[in-house]
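Commentary on secondary and tertiary structure
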Amino acid sequence: MIKLYTLSLTLIISISGFNQVNIRPVRQSDSHFQFIDNNGKPVNNFKWNEAEQVVNGFARVASGNKWGFVDPLGNPIINASYQSVRNFVNKMAAAMQNSKWGFIDEKGKTVIPFEYDIAYDFTESVTGVYKNNKWYLINRQGAIIKRLDIDVSYGFNNGKARITRQGRNGQMNTSGTI
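Since we're looking at a predicted model, the values are computed, not measured.

What counts, and at which threshold
Residues numbered from 1 in each chain as written. Predicted model: local features only at pLDDT ≥ 70, side-chain atom pairs only at ≥ 80, totals over all residues. Heavy atoms only, no water. Helix = DSSP H or I, 4+ residues; strand = E, 2+ residues; numbered from the N terminus. Buried < 20%, exposed > 50% of the residue type's maximum accessible area, 1.4 Å probe, protein only. Areas by Shrake-Rupley, 256 points an atom, 1.4 Å probe, with all protein chains shown as cover. Pairing = 2+ DSSP bridges. Salt bridge = Lys/Arg side-chain N within 4 Å of Asp/Glu carboxyl O. Phe/Tyr/Trp six-rings, centres within 6.5 Å; stacked < 30°, edge-to-face > 60°. Polar contact = N/O pair within 3.5 Å; in protein donor to acceptor, adjacent residues only side chain to side chain. Contact = heavy atoms within 4.5 Å.

This part is about the overall build of the protein. A tally of helices and strands in the protein yields one helix and 17 strands. Looking at the protein as a whole, 37% of its 178 residues qualify as buried. Summing over all exposed atoms, the protein offers an accessible surface of approximately 10,700 Å²; the carbon and sulfur share of this is 49%.

In spatial order, the strands read β11-β12-β13-β14; together these four strands make up an open sheet with antiparallel pairing. The outermost strands of the open sheet, each flanked by one partner alone, are β11 (118-119) and β14 (144-148).

Take unusual backbone geometry next. One non-glycine residue, Asn133, adopts positive backbone phi at about 65°. Its location among the elements puts Asn133 in the loop between β12 (126-131) and β13 (134-139).

Pairing is antiparallel across the open sheet formed by four strands, whose spatial order is β7-β8-β9-β10. On the outer flanks of this sheet lie β7 (84-85) and β10 (110-116), each paired with one strand and no other.

Attention now moves to the pattern of salt bridges. Evaluated as defined, the whole model comprises six salt bridges. The partner of Asp30 in a salt bridge is Lys47, and the shortest N-O contact between them spans 3.2 Å. You can see Asp30 sitting in the loop between β1 (24-27) and β2 (33-36) and its partner Lys47 sitting in the loop between β2 and β3 (50-55), a full 17 residues away along the chain. Among the residues examined, Asp30 registers a relative accessible area of 36% and is labelled partly exposed. On the basis of relative accessible area, Lys47 is assigned to the partly exposed category, the value being 41%.

This structure, assessed with the given rule, holds eight aromatic pairs. Considering the side-chain rings of Phe46 and Trp48, the 6.2 Å spacing of their centres and the 25° angle between planes classify their relative orientation as stacked. Given a relative accessible area of 8%, Trp48 falls into the buried group. On the numbers, 4.9 Å between centres and 50° between planes, the contact of Tyr130 with Trp135 is tilted. Per residue, the accessibility class of Tyr130 equals that of Trp135, and both read buried.

The subject of this paragraph is the side chain of Asn44. Its location among the elements puts Asn44 in the loop between β2 and β3. Separated by 2.8 Å, the side chain of Asn44 and the backbone oxygen of Gly74 make a polar contact. Sequence-distant contacts of Asn44, defined by excluding residues within four places in its chain, comprise Gln34, Leu73, Gly74 and Asn75.

Tracing the sequence through the fold places Arg60 in strand β4 (residues 58-63). A distance of 2.5 Å separates a polar atom in the side chain of Arg60 from the backbone oxygen of Val85. Polar side-chain contacts of Arg60 include one of 3.4 Å to the side chain of Asn87. Non-local contacts of Arg60, meaning those with residues more than four positions away in its chain, are made with Glu50, Ala51, Glu52, Trp67, Gly68, Phe69, Val85, Arg86 and Asn87.

Structure representation (structure tokens):
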């Protein structure tokens, strides 16, 4: 019975987040950023040119002019090797290499090649991308679902994307219907 009680208490504490460290980036006197804990103490010795809050389990960081990610404890997990990165959304992050956008997973593996001039986050099962002066709807595996007859897309929010087509504003659903 004591083992069961101890296991239950450990599980409750883990689920409640008592063992989780809350970190935040702070600019140091040398103009670099370092992650600190709730007590104001550095969580490690890593320093960054830029650092942002943890979002969806990762914080964006820059070393020089390249971007990567750290985990919720401030430890680098995806090397700062990208021109730009956006926050992870549904386990994928848009990242830029050689001035083209693609997508990486939470381990830093390229899951959609770097070939797009514009790419929106995967807030849905599909997203809008732009290349060669055309808009496309792609799925999370990178397959083109539909070529879109629009001038501009503004990304999906709650299953709809604002678009502009022939000078008129409208909305598009996740199947590409306007």
